[in-house]
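Fold and contact review
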Amino acid sequence: MLIKFRTDKKGVKISGAKDMPPMPASLGLMNWNKTSSWRNLKPIIDYEKCIDCFICWKFCPEPAIKIVDERPVIDYDFCKGCMLCAEECPKDAIATEVEGK
Amino acid sequence: MKKTMIGNHAASWGAQLSRVQVIAAYPITPQTLIVEKLSEIVADGELDAKFIKVESEHSAMSACIGASATGARAYTATSAQGLALMHEMLHWAALARLPIVMTNVNRAMAPGWSIWADQNDSLSQRDTGMMHIFASSSQDILDSTIISYKVSEQVLLPTLISFDAFFLSHTMEVVDMPPITDVDKFLPPYNPEYKLDVNNPRSFGALTSEEHYYEFRYKMQNAMDDAVGLIKKEGREFEKLTGRYYDLVHSYKCEDADLIFVTSGTIAETTNVAVDELRKDGKKVGNLKIRVIRPYPKQDILKAVKNCSKIAVIDRNISCGYHGIFAQELKGALYNESDIPVWGYLAGIGGRDVKVDDIKEIADETFKSKKPVDMIMKGVKI
Ligand code: SF4
Ligand code: SF4
């Protein structure tokens, strides 16, 4: 990553023009460029109902669903809240929560 | 070495002397003789460059972007509709901060299909973030190409060099070609800090959230501000080699003028002749040639016009629904700074000839007029 971060007087982490290269270079590493801020709806997996079929994992366009210890886990840093996973889940195991409530 | 050549070829030799490494161009209309000559220069081994024939002007600029991103010195040329097709990629080149230099022969936009001079094609690219030069002689075309690489590669902004179709592109002038050894001293090889490099992989131009996009624009604006000083500085360096100096504006007999013309391109050269003739008749007039429109040389303009009482802008372009673009820009620069009244004239649209007498008529009209007018469409037949 070519963007540096510093801490301002109030202790807030910021990066400004002087911390950046002249052009948007190496901004595209998505593990840094968190894109979840635009999410309105939040999918929540109910692991009691989930049968680990991984259909949600297959359909997630981001992809923001990972397989951790043989179970689907949503990465909320990158989930954009499209709710495709909930739509496709055969067991209705993914609930919808409204963000910022 | 002095050579007689058409303006198109002055652009080709400017690129050759700048040792461009990649030339990407669409070879068919509205292309000009610029890239035809360059293809010969490359084929004859007079320039060590890769010449890429592409299927459109959009692709030509895209290829230049790719080449420039790897650190190569890239060049393309086009005209009118071709420049319009490049438009998306001109924004890309500028925001990616790639110092591509390109030439555009200012031709009227179609329809009706035209090959004659008109500035609307390149002025439509005004807000892309490219530096933008209007050359007014073949010597200016050749020299501007060399100087522009030097400036562009320091501020990391592309440059668009435009010049009038036909009046420059297809007429011959004597051009002094500086020896390449001198150009080499002036223009070192391009070696950017950030480039596409397999040994140091990076992504370029990917998703940029609102957290950083604004700051990239801020940096671009700063680069434009820096370019004002750099164009002058490198202009002086170039002068040491060749004796020729290029500024953002060139003022001719403006110091004591009551009326100052504000002009660009070949009309500026004709206006200098008109100024001499009008002065013989005892009329105190001057001519301010705007050579660079981006970065906009506001301070230079304010300084040049400060003693006059009237300004007449001559525009070979029109933003339909408002008026001439140079007039708009000039009035914007004067607002809050000065109350010199501005008369806007349109002339030479679609390549119509603008003669010395036309300019003398504009002078008479402006001297007589009491109230400034946004736009007077000179010579339009109703
Ligand atoms: S809501 Fe959309 S982005 Fe988020 S996990 Fe489900 S499918 Fe992926
Ligand atoms: S689609 Fe539903 S059942 Fe299948 S893994 Fe995802 S959450 Fe579990």
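Criteria and thresholds
Residues numbered from 1 in each chain as written. Chains lettered and ligands numbered in written order. Predicted model: local features only at pLDDT ≥ 70, side-chain atom pairs only at ≥ 80, totals over all residues. Heavy atoms only, no water. Near = heavy atom within 4 Å. Nonpolar A, V, L, I, M, F, W, Y, C, P; charged D, E, K, R; others polar. Helix = DSSP H or I, 4+ residues; strand = E, 2+ residues; numbered from the N terminus. Expected span 1.5 Å × (residues − 1). Bend = angle between axes of the 7 residues up to and from the residue. Contact = heavy atoms within 4.5 Å. Axes fitted to C-alpha atoms, helices over the stretch in contact; angles between N-to-C directions. Parallel < 35°, antiparallel > 145°, perpendicular 65-115°, else oblique. Left-handed = near helix turned anticlockwise from the far one by under 90°. Domains from an automatic or database assignment. Buried area = accessible area lost by both parts, 1.4 Å probe. Salt bridge = Lys/Arg side-chain N within 4 Å of Asp/Glu carboxyl O. Polar contact = N/O pair within 3.5 Å; in protein donor to acceptor, adjacent residues only side chain to side chain.

**Observations concerning the site of ligand 1**
- Close to ligand 1 lie Pro43(A), Cys60(A), Pro61(A), Ile65(A), Cys79(A), Lys80(A), Gly81(A), Cys82(A), Met83(A), Leu84(A) and Cys85(A).
- Partitioning the shell around ligand 1 into residue classes produces 9 nonpolar, 1 polar and 1 charged.

**So, helix α4 (residues 80-95) of chain B**
Residue and element names in this part refer to chain B.
- Its 16 residues place the ends of α4 22 Å apart at the C-alpha level, agreeing with the 22 Å of an ideal helix rising 1.5 Å per residue.
- In the structure, α4 departs most strongly from a straight axis at His87, where the bend amounts to approximately 55 degrees.
- Taken together, the buried residues of α4 touch α3 (57-69), β4 (74-79), β5 (101-106), α5 (120-123), β7 (159-164) and α8 (213-242).
- Just downstream of α4 lies Arg97, where phi reads positive at about 60 degrees.

**Remarks on the site of ligand 2**
- Taken together, Cys50(A), Ile51(A), Asp52(A), Cys53(A), Phe54(A), Ile55(A), Cys56(A), Pro72(A), Cys89(A), Pro90(A) and Ile94(A) form the complete shell of residues around ligand 2.
- Tallied by class, residues from the shell around ligand 2 come to 10 nonpolar, no polar and 1 charged.

**With respect to the packing of α3(B) against α4(B)**
Residue and element names in this part refer to chain B.
- Relative orientation of the contacting elements α3 and α4 amounts to 25 degrees, with a least axis distance of 7 Å. Considering the angle they form, α3 stands roughly parallel to α4. Seen along the crossing, α3 lies across α4 with a hand that is right-handed. Along its contact with α3, which presents Glu57, His58, Ala60, Met61, Ser62 and Ile65, the element α4 presents Gly82, Leu85, Met86, Glu88, Met89, Leu90, Trp92 and Ala93.
- The residue makeup of the contact of α3 with α4, split by class, is 9 nonpolar, 3 polar and 2 charged.

**Quick look at the domain arrangement of chain B**
All names here are of chain B.
- Domain boundaries assigned for chain B yield domain 1 (2-242) and domain 2 (250-377).
- The distance between the C-alpha centroids of domain 1 and domain 2 comes to 28 Å.
- Here domain 1 meets domain 2 over a buried area of about 2,100 Å², counting both sides, of which 54% is carbon and sulfur.
- Counting every contact that joins domain 1 to domain 2 gives 4 salt bridges.
- The shortest N-O distance in the salt bridge between Asp164 and Arg316 comes to 3.4 Å.
- Here domain 1 and domain 2 share 17 residue pairs in polar contact (both at pLDDT 80 or more) between them.
- Considered class by class, the residues forming the side of domain 1 that touches domain 2 number 15 nonpolar, 6 polar and 6 charged.

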